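So you can see what is in the structure, the chains are spelled out below.
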Amino acid sequence: MIDQPRRLRLLRITIVLALVFNAMALLVLVRATPIIFTLFMFLAQPLFAAALILLASAVVTELRARQIL
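Details of the packing of aromatic side chains
Counted under the stated rule, the structure contains two aromatic pairs. Clustering of aromatic rings is evident, with ring pairs tying together Phe21, Phe40 and Phe48.

Quick look at the structure:
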């Protein structure tokens, strides 16, 4: 089983990745230049995918720890 601080650290990493994604998306909306859009497409979207995968793993881990799953 994963101890409590590691689960919290995983959730914090997920939140930070989602915030970086949102900041880059806002930057694309405010100032849409080819360089910024390219960085968004190649960096921000994989960051968001990683955040979703980490969030799903944290939820499954929590459910298993509480013996719900």
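Digging into the nonpolar core
Core analysis: the largest hydrophobic core is formed by seven residues, namely Phe21, Met24, Ala25, Val28, Ile36, Phe40 and Ala44. Secondary structure elements with two or more residues in this core: helix 1 (4-30) and helix 2 (34-65). For this core, the leading source of residues is helix 1, giving four residues.

Remarks on helix 2
The end-to-end C-alpha distance of helix 2 is 46 Å, a good match for the 46 Å that 32 residues give at a rise of 1.5 Å each. Most pronounced at phenylalanine 40, the bend in helix 2 amounts to some 35°. Along helix 2, the residues classified as buried are Ile36, Phe40, Ala44, Ala51 and Ala58. Positive phi appears at glutamine 67, one or two residues downstream of helix 2, with a value of about 60°.

A word on unusual backbone geometry
The residue glutamine 67 is not glycine, and still its phi comes out positive at about 60°. By the element assignment, glutamine 67 lies in the segment after helix 2. Overall, glutamine 67 belongs to the exposed group, its relative accessible area being 72%.

Details of the pattern of salt bridges
Pairing between side chains of opposite charge can happen when the charged atoms of each approach one another. Within the structure shown, the criterion is met by one salt bridge. A salt bridge links arginine 66 to glutamate 62, with the shortest nitrogen-to-oxygen separation between them at 2.7 Å.

A closer look at the side chain of threonine 14
Within the secondary structure layout, threonine 14 lies in helix 1. Among all residues touching threonine 14, those that are not within four sequence positions of it are Ala51, Leu54 and Leu55.

Rules and cut-offs
Residues numbered from 1 in each chain as written. Predicted model: local features only at pLDDT ≥ 70, side-chain atom pairs only at ≥ 80, totals over all residues. Heavy atoms only, no water. Phe/Tyr/Trp six-rings, centres within 6.5 Å; stacked < 30°, edge-to-face > 60°. Core = buried A, V, L, I, M, F, W, Y, C linked by side-chain atoms within 4.5 Å. Buried < 20%, exposed > 50% of the residue type's maximum accessible area, 1.4 Å probe, protein only. Helix = DSSP H or I, 4+ residues; strand = E, 2+ residues; numbered from the N terminus. Expected span 1.5 Å × (residues − 1). Bend = angle between axes of the 7 residues up to and from the residue. Salt bridge = Lys/Arg side-chain N within 4 Å of Asp/Glu carboxyl O. Contact = heavy atoms within 4.5 Å.

Functional significance is not addressed by these values, which are geometric in nature.
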